[in-house]
Amino acid sequence: MTTHTSLLWLPRYLRAMDVHVIELPGWEEAQGQYFWTNLDTGQRGFDGDPTAYMIHHTGSSVARPEVRNSRGKWSKANCWAGLWDGSKLNQSGSGEPTIVFTSAGPARVSSGYGHGPTLLDVADDVRVGWDQPLPDTGIAANRYAWNVEAVAKGDGSPVDPGVEDALIKMGALLASHYGWTPWRAIGHLTWTRRKLDPFWNSQQDRIVHIQDEIEQEMKMIYRDVINVPNTDWARAVVDDGIESGLIVTGDDFVDNWQDEQITMGRLWTLFARQAADLDRP
Ligand SMILES: [Zn+2]
């Protein structure tokens, strides 16, 4: 088994945003079917990046996520969202809003086939329509879209606000990490007219609300690093932070920034712990 490396940061960053996360053992390993394929760069491989974030509903009120089930079948999604009761995810009840990770690499069937030109528009950060009216073109989005299955019957019944908040935070983190606009968060219905997810809270166009909320959440993420003039300035700020003790190095966080280009998302993570104390120039 080989590890897909691109998304391994995500659970830790979600926890930093106070989202309850479960990483099922083995979720980092490849399913052996696909590489992530980045439409911005053409890059693919075990270190490849996804191109979009696709939100689904399960069509059920309960789900029991597994990396691989007893019949050897791999999880069909990268992660699952719902109310965790200790053994499974529910649409309603008293459980804790939770994201359960089951596959770091492309999951095989979740996105399925859809309208190829739409995917290219999404990759260009176009805000495409929430419902895809055109016929499928025989291209599967599995290797392009990070997939979440939100536990919801898909009949318009409500989803817990905490669960939706976790979906929104995940979208904001993905967008800030990879440098996307919020419009790369799409619904399955955006991709193919054969589907209607996500449909909850009486709104078939729920993805529009989710995109708007991701946009707001990204402003929060960028709150203290917006208008960064250049990475030299950012490095100087981080240098000061380390020198003054505001930024702690050598802990479990990804902060070996000195050898890598700083993205907004990474910089935010560095600042998140002490952002209020950092003066901006
Ligand atoms: Zn779906």
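This text follows the structure it describes.
Just so it is clear, the structure is predicted and the values come from calculations on it, not from any experiment.

Attention now goes to the overall build of the protein. For the protein, the helix and strand inventory stands at seven helices and 12 strands. A total of 281 residues make up the protein; the buried ones form 45% of that total. The long-range share in the protein, meaning contacts at least 24 apart out of those at least 6 apart in sequence, stands at 74%.

Let's shift gears to the environment of C79. Looking at where C79 falls in the secondary structure, it is placed in strand 6 (residues 79-84). Among the residues examined, C79 registers 31 C-beta atoms within 10 Å and is labelled buried. For the pair C79 and L24, spaced 55 residues apart in sequence, the C-alpha to C-alpha distance is 9.9 Å. Residues in contact with C79, not counting those within four places in the same chain, are I99, V100, F101, T102 and V148.

This part is about helix 3 (residues 161-178). With 18 residues, helix 3 extends 26 Å between its outermost C-alpha atoms, agreeing within 8% with the 26 Å of an ideal straight helix rising 1.5 Å per residue. Judged by how many residues are buried, helix 3 sits mostly within the fold: 14 of 18 residues are covered. Following helix 3 by one or two positions, G179 has its phi on the positive side, about 75°.

Before going further, it helps to examine the pairing of strand 8 (residues 96-101). It is a general feature of regular strands that their side chains alternate between the two faces of the sheet. With five of six residues buried, strand 8 is to be regarded as a mostly interior element. Looking at chain direction, strand 1 (residues 20-23) and strand 8 are connected through four bridges and run parallel. In the strand pairing of strand 8, E23 is matched with F101. As paired elements, strand 6 and strand 8 share six bridges and run antiparallel to each other. What sits directly across from G82, in strand 8, is T98.

Among the residues of helix 2 (residues 116-123), those classed as buried are T118, L119 and V122. Along the long axis of helix 2, the arc covered by the buried residues comes to 100°, so they all point the same way. Looking at the buried residues of helix 2, the elements they touch are strand 4 (52-57), strand 9 (113-114), strand 10 (139-140), strand 12 (185-187) and helix 4 (188-191). D125 lies just past helix 2 and shows a positive phi near 65°.

Cis geometry is found at the peptide bond from D197 to P198, where omega equals 0°. Relative to the helices and strands, P198 resides in the loop between helix 4 and helix 5 (206-221). The phi torsion at D125 lies on the positive side, around 65°, for a residue other than glycine. Turning to its location among the elements, D125 is positioned in the loop between helix 2 and strand 10. For D125, a count of 14 C-beta atoms within 10 Å gives the class partly exposed.

Core analysis: the largest hydrophobic core is formed by 54 residues, its most contacted members being W80, A81, V148, A150 and L167. Looking at this core element by element, the count peaks at nine residues for helix 3. Discounting residues that sit within four places of it in the chain, A150 has contacts with I55, H56, H57, T58, A81, G82, V159, V163, L167 and P198.

Moving on to the environment of E96. Examined against the element boundaries, E96 turns out to sit in strand 8. We classify E96 as partly exposed; it has 15 C-beta atoms within 10 Å. Counting along the chain gives 67 residues from E96 to V163, while the straight-line C-alpha distance between them is 8.5 Å. Setting aside its immediate chain neighbours within four residues, E96 contacts H20, L83 and W84.

What counts and how
- Residues numbered from 1 in each chain as written.
- Predicted model: local features only at pLDDT ≥ 70, side-chain atom pairs only at ≥ 80, totals over all residues.
- Helix = DSSP H or I, 4+ residues; strand = E, 2+ residues; numbered from the N terminus.
- Buried ≥ 20, exposed ≤ 12 C-beta atoms within 10 Å, placed from the backbone.
- Contact = placed C-beta atoms within 7 Å.
- Expected span 1.5 Å × (residues − 1).
- Pairing = 2+ DSSP bridges.
- Arc of directions from axis to C-beta.
- Core = buried A, V, L, I, M, F, W, Y, C linked by C-beta atoms within 7 Å.

These values are about where atoms sit, not about what they do.
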